[in-house]
Amino acid sequence: MAMQALATSRLEFSYSTQALLAHGALIWLLCLVAFPALSRPLPFIAAIQCANAFVLAMHPLKIAALGSPVFYTDLNSAVVLLRTLPLWITIGVALAFALLLALLLVSLRKRASSAFAVLGLAGVLIAFATYAAPVLHRAETGFDAFKAASESVERVAREGPLAFVVNDRAALLNTQNRPPEADAIARILEGPWRGWQTQAGRNVHLVLFEGLWDVSAVANVRPGRDPFDPRLRTAWESQGSPRVLTPVFGGGTANSEFEALCGLPAHETAITFVSEMRKDMMCLPAMFAALGYSSIANHAHRADNWNRKRAYALAGFNQYRAIGSFRMDDLDGDYLTDRSFFAQNRAALQGHRGPVFNYLVTLSTHWYYPRNQAARPDVITIDPASGYDTYYRYVNSLRYSTTALMDWVEQVLAEDPDALIVVFGDHAPVISDHRDVSASDARSLIGDLKIRDAGVVADSDATGLLVGLSRTPLLVLGRTNGVAISTEMPLYEMPRLMADLLGLEGSLPQLDMGRGLSGDLVVRRYGTHVLARRGGVWKQCPDTASWDCKLARESVANRDKLRADAAYGAQHTYALAGIQVGGAGSRGMAVLDALPACQLHIADLSPRTFVLNEGEGHQIQINYEGEARGTFVLRIGAHAAALSRSDGSLQVGADMFPELKQAGRYPASIHCEESKASPQSLGYITAEGAGNP
């Protein structure tokens, strides 16, 4: 009881007496099993009490921060979070766990009974997880995720901290073991799938911009200048400042990715990439691949983070360029700057044949917003000048990153005027230094920041705040084919927008055949909150008290069924659409996680035509873009010579090729000695006249 009071004394949450008694009994049982093996009980008791304090406090802290308790799937998120936190925090967590382990080891006797006690402890925990806790769980037979979400805080208070996590695991397994049947899917979908009526040929670039958000919604802190690059602000406002409605706040980028790529709402508490994607799906990358595109994902982070290495393959990407394939030549903290990221992406696509779907996930504006101050000094002041350090770091990082984005956009469109570029933010950023852990609603997300999104009309301030946090900028650049950009679009509608912009007259089957699920409502599940808009006014839907809320809840529940069917079920959706997507991972995806031994993007070769005169020392020069990597050999006719590198070009003396002493037209090619690939043709070099023999 003392630990309960200590852990939750400052939070508006408490466990029930029944839950605390059951939890306490489990802790005492662990101590009793371990007691015969203890030579020093005090270190063991200290370790158990420290761990117990953490277990008791973890749910209240997350409820205060994000409005929901710790779910089983958050264990995966914890590993990802540690990978993205500053190194000193990761080291601190590791040291804390090492200290606990040391206390446990010091307390054990050095004899066989210790091993038996450890086995006994493991047995108690396994028995608890397998038999004791799940008997409290009443698994739902359907997909009423809203009930589980709205009752989650009540359930953790009733069941206790460990039992709730175990029960949540049981519920997740129960759901995944009972995917929707064919008749349930058939009742949801409408009409035959139209397919893609037009072949697209434009290059397409989809940019997930980490933490992109418009801080003009913050009323009590103001930047001295716009954090958006002026070109971005102008282009965005010229389109009516459209937004996407994202599913997450402050993190969980992978769920925003899933929605934008696959056209279905992500799981409300789990990371869909990690917990649900088990089969090949018809997502944007697969759609573009079917249309003859190369679908390439780019993210300068660990390839397996958020299970992207597997999830990207299941979504249909042909290639994934992870952190090892980028030169970490310009860093903000541990992250590659967006300027370098965009430049390397552009260089990698030079000379690419055929249309490309180029998907980019940026990192420079990732929380905690580190920045190389020597290379990128502060350019934005804020008012008030102190007390909002996180906000200050964010707006300065945002300015540099949006400038890098718009420089890249101008370069891409200058080289390829017909390209389509779509940019969106994955979630609102965490920018408050003063989190109000006692707040019981969405105000706990923003602390003492006062957010007033002028574009949101809602039935209450709490609803307006949730909608405002869900909204992130959407920017479309390039020819739009007259398509009107929605001012508020759920992120899972992104594939439909992309198809419309390309004039495909059809989108993903789960979107096309589920077109009427929401009627004339706009529906967004934000975390565990269900939001619905009709007639321009937003409302929250914790129950089915109104017709709008009944329709909103049913539409999201039905989309959850479609996601379950496609991600790990029998894929009845695709069968009804008349398409075959293959088994799990059957498509194959190349993962580039190391810099290539050979890299050369040739701009031009000169001269193409000349007269070689003895003693003039003509040079053949190959100019290239970006970075050249490898040892290169030029072949003209039957002779080859090594190229030397100098100031963005490769050079070799023309007198190395006897063919050029005779008039004629000679084939030229270049080969990288570290590569097994065939030589690259450079066309022909012409010698006019003969040099002196």
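Please read these numbers as outputs of a predicted model, since none were measured by experiment. (Residues numbered from 1 in each chain as written. Predicted model: local features only at pLDDT ≥ 70, side-chain atom pairs only at ≥ 80, totals over all residues. Heavy atoms only, no water.)

On a plain count of helices and strands, the protein chain comes out with 22 helices and 25 strands. Partitioning the contacts of the protein chain with sequence separation of at least 6, the portion at a separation of at least 24 is 73%. When the accessible surface of the protein chain is summed, it comes to about 29500 Å², and 57% of that surface belongs to carbon and sulfur atoms. (Helix = DSSP H or I, 4+ residues; strand = E, 2+ residues; numbered from the N terminus. Contact = heavy atoms within 4.5 Å. Areas by Shrake-Rupley, 256 points an atom, 1.4 Å probe, with all protein chains shown as cover.)

What follows is about the sheet that holds strand S25 (residues 680-687). Taken in spatial order, the 5 strands line up as S18-S25-S24-S20-S21 in an open sheet, and their pairing is mixed. With partners counted over all chains shown, the strands left at the sheet margins are strand S18 (609-610) and strand S21 (639-642), one partner each. Here strand S20 (residues 632-636) pairs with S21 via 4 bridges, running antiparallel. Residue pairing for S21: Ile 636 is matched across the bridge by His 639. (Pairing = 2+ DSSP bridges.)

To continue, consider helix H9 (residues 161-176). Here H9 contains 16 residues, and its C-alpha end-to-end distance of 23 Å stays within 8% of the 22 Å for a straight helix at 1.5 Å per residue. All buried positions along H9 are accounted for by Pro 161, Ala 163, Phe 164, Val 165, Val 166, Asn 167, Asp 168, Ala 170, Leu 172 and Gln 176. (Expected span 1.5 Å × (residues − 1). Buried < 20%, exposed > 50% of the residue type's maximum accessible area, 1.4 Å probe, protein only.)

Its volume calculated, the second largest pocket comes out at about 1000 Å³. Gln 350, Cys 598, Gln 599, Leu 600 and His 601 are the residues nearest the centre of the second largest pocket, which is lined by 38 residues in total. Take the lining of the second largest pocket: its biggest share by element is 5 residues, from helix H16 (residues 338-349). (1 Å grid on protein atoms, 1.4 Å probe; cavity = no way out; pocket = protein on both sides within 12 Å on 5 of 7 lines; lining within 4 Å. Points joined across faces, edges and corners; volume = space filled by probe spheres on them.)

Applying the stated criterion across every chain, the model contains 15 aromatic pairs. Note on Phe 288 and Tyr 293: the rings are 4.9 Å apart at their centroids and 55° apart in plane angle, and the pair reads as tilted. Residue Tyr 293 is classed as buried on the basis of its relative accessible area, which comes to 4%. With a centroid separation of 4.8 Å and an interplanar angle of 80°, the aromatic rings of Tyr 312 and Tyr 320 are classed as edge-to-face. Taken together through their ring pairs, the aromatic side chains of Phe 273, Phe 288, Tyr 293, Tyr 312, Phe 317, Tyr 320, Phe 357 and Tyr 359 make up a single cluster. It is Arg 321 that lies over the ring of Phe 326; its NZ or CZ is 4.4 Å from the centre. Against the face of Tyr 684 rests Arg 665, its NZ or CZ located 3.9 Å from the ring centre. (Phe/Tyr/Trp six-rings, centres within 6.5 Å; stacked < 30°, edge-to-face > 60°. Lys NZ or Arg CZ within 6 Å of the ring centre and 35° of its normal.)

Taken together, 4 strands build an open sheet; the order of strands is S17-S19-S23-S22 and the sheet is antiparallel. Two strands close off the open sheet at either side, each with one partner strand: strand S17 (599-606) and strand S22 (644-646). Taking the axes of each pair of neighbouring strands and ignoring which way they run, one obtains an average angle of 35° across the sheet. Direction of pairing for S17 relative to strand S19 (residues 619-629): antiparallel, over a ladder of 6 bridges. Opposite His 601, over in S19, you have Glu 625 as the bridge partner. (Axes fitted to C-alpha atoms, helices over the stretch in contact; angles between N-to-C directions.)

Tracing the backbone shows Asn 396 in helix H17 (residues 389-415). The buried category is assigned to Asn 396, whose relative accessible area is 0%. Apart from the residues lying within four places of it in its own chain, the contact partners of Asn 396 are Arg 371, Asp 378, Val 379 and Ile 380.

Time to look at the pairing of S20. Among the 5 residues in S20, 4 count as buried, and that is most of the element. Pairing between S20 and strand S24 (residues 664-672): 5 bridges, direction antiparallel. Bridging from a neighbouring strand, Val 633 pairs with His 671 of S24. The hairpin turn running from S20 into S21, its antiparallel successor, is 2 residues long, and Gly 637 in that turn takes a positive phi close to 65°.

With that settled, the discussion passes to the environment of Leu 517. Take Leu 517: it is sitting in the loop between helix H20 (509-512) and strand S13 (522-526). Note: C-alpha distance between Leu 517 and Glu 554 (37 residues apart in sequence) is 8.2 Å.

What follows concerns unusual backbone geometry. Looking along the chain, the bond that leaves Trp 367 and enters Tyr 368 is cis, with omega of 20°. With respect to the secondary-structure elements, Tyr 368 resides in the loop between strand S8 (356-361) and strand S9 (382-383). Put simply, Ser 606 and Pro 607 share a cis peptide bond, and its omega is -10°. Among the structural elements, Pro 607 can be located in the loop between S17 and S18. A positive phi is found at Tyr 369, a non-glycine position, where the angle reads about 60°. Within the secondary structure, Tyr 369 sits in the loop between S8 and S9. With relative accessibility at 2%, the residue Tyr 369 sits in the buried group. Positive phi, close to 60°, is recorded for Gln 571, a residue that is not glycine. Following the sequence through the fold, Gln 571 ends up in the loop between helix H21 (547-567) and helix H22 (572-577).

Within this structure, the stated rule accounts for 3 disulfides. Each disulfide pairs two cysteine sulfurs, and for Cys 262 the partner residue is Cys 283, the sulfurs being separated by 2.1 Å. Taking the torsion about the sulfur-sulfur bond, which here is approximately 95°, the covalent link between Cys 262 and Cys 283 counts as right-handed. In this pair, Cys 262 is assigned in helix H12 (residues 253-262) and Cys 283 in the loop between helix H13 (272-275) and helix H14 (284-290), connecting sequence segments 21 residues apart. Relative accessible area serves as the criterion here: at 0%, Cys 283 is assigned to the buried category. At a sulfur-sulfur separation of 2.1 Å, the disulfide partner of Cys 541 is Cys 549. (Disulfide = S-S within 2.5 Å.)

What follows deals with the packing of helix H11 (residues 230-238) against H17. Taken N-terminus to C-terminus, the directions of H11 and H17 make an angle of 70°; their axes are 8 Å apart at the nearest point. Between H11 and H17, the angle falls in the class roughly perpendicular. Judged by residue contacts, Pro 230, Arg 231 and Leu 232 of H11 engage Arg 399, Thr 402, Thr 403, Leu 405, Met 406, Asp 407 and Glu 410 from H17. Tallied by class, residues from the contact of H11 with H17 come to 4 nonpolar, 2 polar and 4 charged. (Parallel < 35°, antiparallel > 145°, perpendicular 65-115°, else oblique. Nonpolar A, V, L, I, M, F, W, Y, C, P; charged D, E, K, R; others polar.)

A separate point is the pairing of S19. As judged from the 5 bridges shared by S19 and strand S23 (residues 649-653), these two strands associate in the antiparallel manner. Within the sheet, the bridge partner assigned to Gln 621 lies in S23 and is Gln 651.

Right, let's talk about the environment of Arg 155 for a bit. With respect to the helices, strands and loops of the structure, Arg 155 is situated in helix H8 (residues 152-159). Judged by its relative accessible area of 12%, Arg 155 falls in the buried class.

Here we take up the confidence of the model for the protein chain. A residue-level look at the protein chain finds 85% of positions with pLDDT of 70 or above and a mean pLDDT of 84. Scored below 50 in pLDDT, residues 132-150 shows 39 contacts in the model against residues more than four places distant or in partner chains. (pLDDT = per-residue confidence, 0-100.)

Right, let's get into the pattern of salt bridges. This model, assessed by the stated rule, comprises 33 salt bridges. Arg 327 is paired through a salt bridge with Asp 329; the nearest N and O atoms lie 3.4 Å apart. Looking at Arg 327, the relative accessible area reads 26%, which means it is partly exposed. In this structure Asp 329 comes out as partly exposed when scored by relative accessible area, which is 46%. Taken together, the shared-partner salt bridges connect Asp 214, Asp 226, Arg 233, Glu 237 and Arg 243 into one network. (Salt bridge = Lys/Arg side-chain N within 4 Å of Asp/Glu carboxyl O.)

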